[in-house]
Structures are given as C-alpha cells and as structure tokens.
Amino acid sequence: MGLEDAFLKFDEIDLRFPTQLVIETTAACNLRCIMCPHKSMSRRKGNMDLRLYMKIVKEVAAIAPNCEVWVTFMGEALLLKNTIFGMIQYAKEVGLKRVVLNSNATYLNNAAIEGLIESGLDRFLVSLDAVSKKTYNLIRPGGNFEASVRGTEEILRRVISEKHLRPTVTVQMSVMDENEHEQEEFKRYWSERGAIVKFRPKCSWAGSIEAQNLSTDQTQRPPCRWAMETAAIHYNGDVVTCVVDYEGFYKAGNIWQRSLQDIWLTELKMLRSLQYNKNFGELPDFCAHCLDWQTASPIVIPSGRQVMMPRN
C-alpha cells in the first residue's frame, strides 16, 4: 500500500474494502492456551447466526471476492462439526476465492479431514506451537498433543498423496519463551512431512498477555497493518477495532444493521486516518497503547511437496 510514501495522501492509499476479513463463526474454544486471552474474555461465547454469516459472505463475494476470509476468530471452529464445512462450502459457492480456517486440530479426525477437503477450503492452518508433548502441554492446557499431531499428519498425507489443489496445510508456532528452543526441530519435523511452516511473533492482544518480545518504544511506530488492511467481526455481528480486539473494546458498527463496507468507509476509516497520520494518541485507548503492530509480519517457509493453488 505504500504506507511509507510521504508523497501519497491518505485518501490515495486507503482501501475501499479490507484485504483480509476475520469472521467469528464461534466464540467457543476447548483450550486455555497461555498466549491467548480467551480464558479471561468476559463476553458471551456464542455461535454466529447462519443468516448473518450468509449476509457477510455474500457482501464480500459481490464487492471483493479476492478478500482473504478467515472463518474463525476467538474460537475453535471445528467445534461446529458439519456446520463449519457447510459454511465454508457456501462461501465458495457464492464466489469467495480465498477462504481460510485456523484450528488447534484437537478435533481433526478423519470425518473432519474429509469435510475440510470436500468443502473447498483454500488454506488450513494448524496452531501447534510445540514439537514435544511436554512443551505443548505447557502452552496448550486442555489439548491432546497426540491427536492433534496425528490429525495434522493425516490431512497432510491426503493433500500431498492425492495431489489436492486445496487446502494447503500450514503448521504454525507462535514463538515465545516456552517454545523458542524448539523452533529448528519444529521446522525440520513439519517440513519433512510436507507442511508449510509458519513462525509468528507472540501477540500481546493489546496488552492483555505479557509479550516481552515486543518493544515498548513507540517512537518509530508505523501505521498498523492490522488496522489499515484487515477487519474483524464478532459472532453477534459487531465489527470491532481489528483482529486483536477479542473483547470488543471498540465497536465500529453491527452487520445486522449495516453493511461491512459502510462501516469500513466510516468509523473504521476514521481509525485508519489516525493511524496513517500517526495521531496514535487520538485512537481508542485499546488501540493507542497497543504494541501488536510489531506482530503483523510472520516468517513463512514454503513447502516443496504441496501443490500450491494459483492466486486469482
């Protein structure tokens, strides 16, 4: 977008629609991960009404079919069982080109693998964060290390052996003190099995989680990519500050009453303008003091064995 180009004015670079949209199909989760604020989240943990979901994806397909749509936010979507596969399939049928699901893989059994492949999902990301059971249990209380690894290996085997164009399978580690010593082994293990490997800096969720990897020096703070390029919708239709606003500290509008593009070009545009002009002190408190602009650029190691789907 050329955010560093001083010769461009905000209106010349501002997007008419987000390039990435996170939809909270469910706010329920089965784990209590140490780097996630879900366990302390005070809002109700419900599921998205299917009518609301259909309204959202139809709007995206009509305006920006190449927008990358993640059908998960603060929950584990595989808890929805067959419903999530139908939601993905509907998104593909109405014209979305880039549908993504992130999962902790504890429910990634053979039926779920079949459902994901048959749904037309484009990208599947598994967040494991460890290569040993000891480290996994420390980071992901309530999880099942063996089941998660077994399911991830099986979907990789099917995608590779059957030469599916989709979904591509990425295995992710959020790097923190508890697992940084396993990075090289994590990369070796999953690369050997054909996965795309992703390392993401630990996120503070706007200060809700301690993240000593993030610098508190705000003097060189750039406009935040999360704010400038992405949008997030809670299961009840609230459009919130960004993809780290897990609680709904700032609600820009609600999709039941308005379109996403209307909210994007009004309330959220105001926040983007403040970001672009580096008027950080005028942002909502949740956003003004956030350090997570430092986490927007992960390291991704491509796979030599997956058939990569061409970008449309």
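One structure accompanies this document, and this report is about it. On a predicted model such as this, the values are computed, not experimentally measured, just so you know. (Residues numbered from 1 in each chain as written. Predicted model: local features only at pLDDT ≥ 70, side-chain atom pairs only at ≥ 80, totals over all residues. Heavy atoms only, no water.)

Observations regarding the packing of aromatic side chains
The relation between two aromatic rings is expressed through the spacing of the ring centres and the mutual angle of the planes. We apply this condition: Any pair of Phe, Tyr and Trp rings, taking the six-membered ring for Trp, is counted once the centres come within 6.5 Å. Such a pair is stacked with planes under 30 degrees apart, edge-to-face with planes over 60 apart, and tilted for the rest. For every residue, the accessible area obtained with a 1.4 Å probe (protein chains only) is divided by the maximum for its type, and the residue is called buried under 20%, exposed over 50%, and partly exposed between those limits. Either the NZ atom of lysine or the CZ atom of arginine qualifies as a charge over a ring when it sits within 6 Å of the ring centre and within 35 degrees of the ring normal.
Evaluated as defined, the whole model comprises seven aromatic pairs. Between Tyr189 and Trp190 the ring centres are 5.0 Å apart and the planes differ by 75°, which places this aromatic pair in the edge-to-face class. Comparing Tyr189 with Trp190, the two get one shared label, buried. Chaining the aromatic ring pairs together yields one cluster made of Trp205, Tyr246, Phe249 and Phe286. The ring of Phe280 carries the charged tip of Arg221 above its face, separated from the ring centre by 4.1 Å. Here Arg272 stacks its cationic end above the ring of Trp264, 3.8 Å away from the centre of that ring.

Brief notes about the pairing of strand E5 (residues 168-175)
Using the following cut-off: Secondary structure counts use DSSP, requiring at least four H or I residues in a row for a helix and at least two E residues in a row for a strand, with both numbered from the N terminus. A pair of strands counts as paired when DSSP detects no fewer than two bridges linking them.
Of all eight residues in E5, eight are buried; the element is thus mostly enclosed. Taking every second residue as pointing to the same face, both faces of E5 are buried, with Thr168, Thr170, Gln172 and Ser174 on one and Val169, Val171, Met173 and Val175 on the other. In the sheet, strand E4 (residues 123-127) pairs with E5 via five bridges, with the strands oriented parallel. By the bridge assignment for E5, Ser127 is matched with Gln172. Judged from the six bridges that link them, E5 and strand E6 (residues 196-201) form a sheet pairing that is parallel. When the bridges of E6 are listed, Val175 appears paired with Pro201.

Quick word on the environment of Ser208
The condition that has to hold: We call two residues contacting when some pair of their heavy atoms lies within 4.5 Å. For the purposes of these results, a polar contact is taken to be a pair of N or O atoms within 3.5 Å, where, inside protein, one atom must be able to donate a hydrogen and its partner to accept one; residues adjacent in sequence count only when each atom of the pair is a side-chain atom.
Looking at the secondary structure, you find Ser208 in the loop between E6 and helix H8 (225-229). With 173 residues separating them along the chain, Ser208 and Met35 place their C-alpha atoms 9.3 Å apart. Those residues in contact with Ser208, other than ones at most four positions away along the chain, are Pro37 and Tyr246. Of note is the side chain of Ser208, whose polar atom sits 3.1 Å from the backbone oxygen of Trp205. Side chain to side chain, Ser208 and Tyr246 meet in a polar contact 2.7 Å long.

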